[in-house]
Amino acid sequence: MGKLRVKKVRSAINRTARQKKTLESLGLHKMNQVVEHDDNLVIKGMIAKVQHLVSVEEA
């Protein structure tokens, strides 16, 4: 199991409450903030819901 590095690249302004809560659940609060998560299906599903707001790379 690897790691994923997730970076918030777009603002959550004018996004649905569900997308805002997904970003918070990923640990992303500020622009250009980077967090690392284990590569599993739960995290991948959360990233898929906000893929237009984040960038993802393998760590």
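Preceding this paragraph is the structure being described.
Everything quoted here is computed from the prediction, not taken from an experiment.

Topic: the side chain of His-37
In step 1: Positionally, His-37 belongs in strand S2 (residues 34–38).
In step 2: Taking relative accessible area as the criterion, His-37 reaches 17% and is therefore assigned buried.
In step 3: In terms of polar contacts, His-37 uses its side chain to reach the backbone carbonyl oxygen of Leu-26, at 2.7 Å.
In step 4: Filtering out sequence-adjacent residues up to four positions away, His-37 remains in contact with Gly-2, Lys-3, Leu-4, Val-6, Leu-26 and Ile-43.

Remarks on the sheet that holds S2
Within a sheet, each strand pairs with its neighbour through backbone hydrogen bonds, oriented either parallel or antiparallel.
In step 1: Strand order in the open sheet made by the three strands is S2-S1-S3, with antiparallel pairing throughout. Among the strands making up the open sheet, the edge pair consists of S2 and strand S3 (54–58). Averaged over all neighbouring strand pairs, the angle between strand axes comes to 25 degrees, with direction disregarded.

A closer look at helix H1 (residues 17–26)
In step 1: When H1 is considered as a whole, its buried residues turn out to be Gln-19, Thr-22, Leu-23 and Leu-26. Here the buried residues of H1 occupy an arc of 100 degrees about the axis, which is enough to place them on one side. Along H1, the residues that are exposed and aim more than 90 degrees away from the buried face are Ala-17, Lys-21, Glu-24 and Ser-25.
In step 2: Taken together, the buried residues of H1 touch strand S1 (3–8), S2, helix H2 (41–49) and S3.

Describing the pairing of S1
Successive side chains on a regular strand alternate, one facing one side of the sheet and the next facing the other.
In step 1: Here S1 shows a buried face lined by Leu-4, Val-6 and Lys-8 and an unburied face lined by Lys-3, Arg-5 and Lys-7.
In step 2: Pairing analysis gives five bridges linking S1 to S2, with the strands arranged antiparallel. From the neighbouring strand, Lys-7 faces S2, where its bridge partner is Val-34.
In step 3: Here S1 pairs with S3 via five bridges, running antiparallel. Pairing of Lys-7 across the sheet is with Ser-55, part of S3.

Analysis parameters
Residues numbered from 1 in each chain as written. Predicted model: local features only at pLDDT ≥ 70, side-chain atom pairs only at ≥ 80, totals over all residues. Heavy atoms only, no water. Helix = DSSP H or I, 4+ residues; strand = E, 2+ residues; numbered from the N terminus. Buried < 20%, exposed > 50% of the residue type's maximum accessible area, 1.4 Å probe, protein only. Polar contact = N/O pair within 3.5 Å; in protein donor to acceptor, adjacent residues only side chain to side chain. Contact = heavy atoms within 4.5 Å. Pairing = 2+ DSSP bridges. Axes fitted to C-alpha atoms, helices over the stretch in contact; angles between N-to-C directions. Arc of directions from axis to C-beta.

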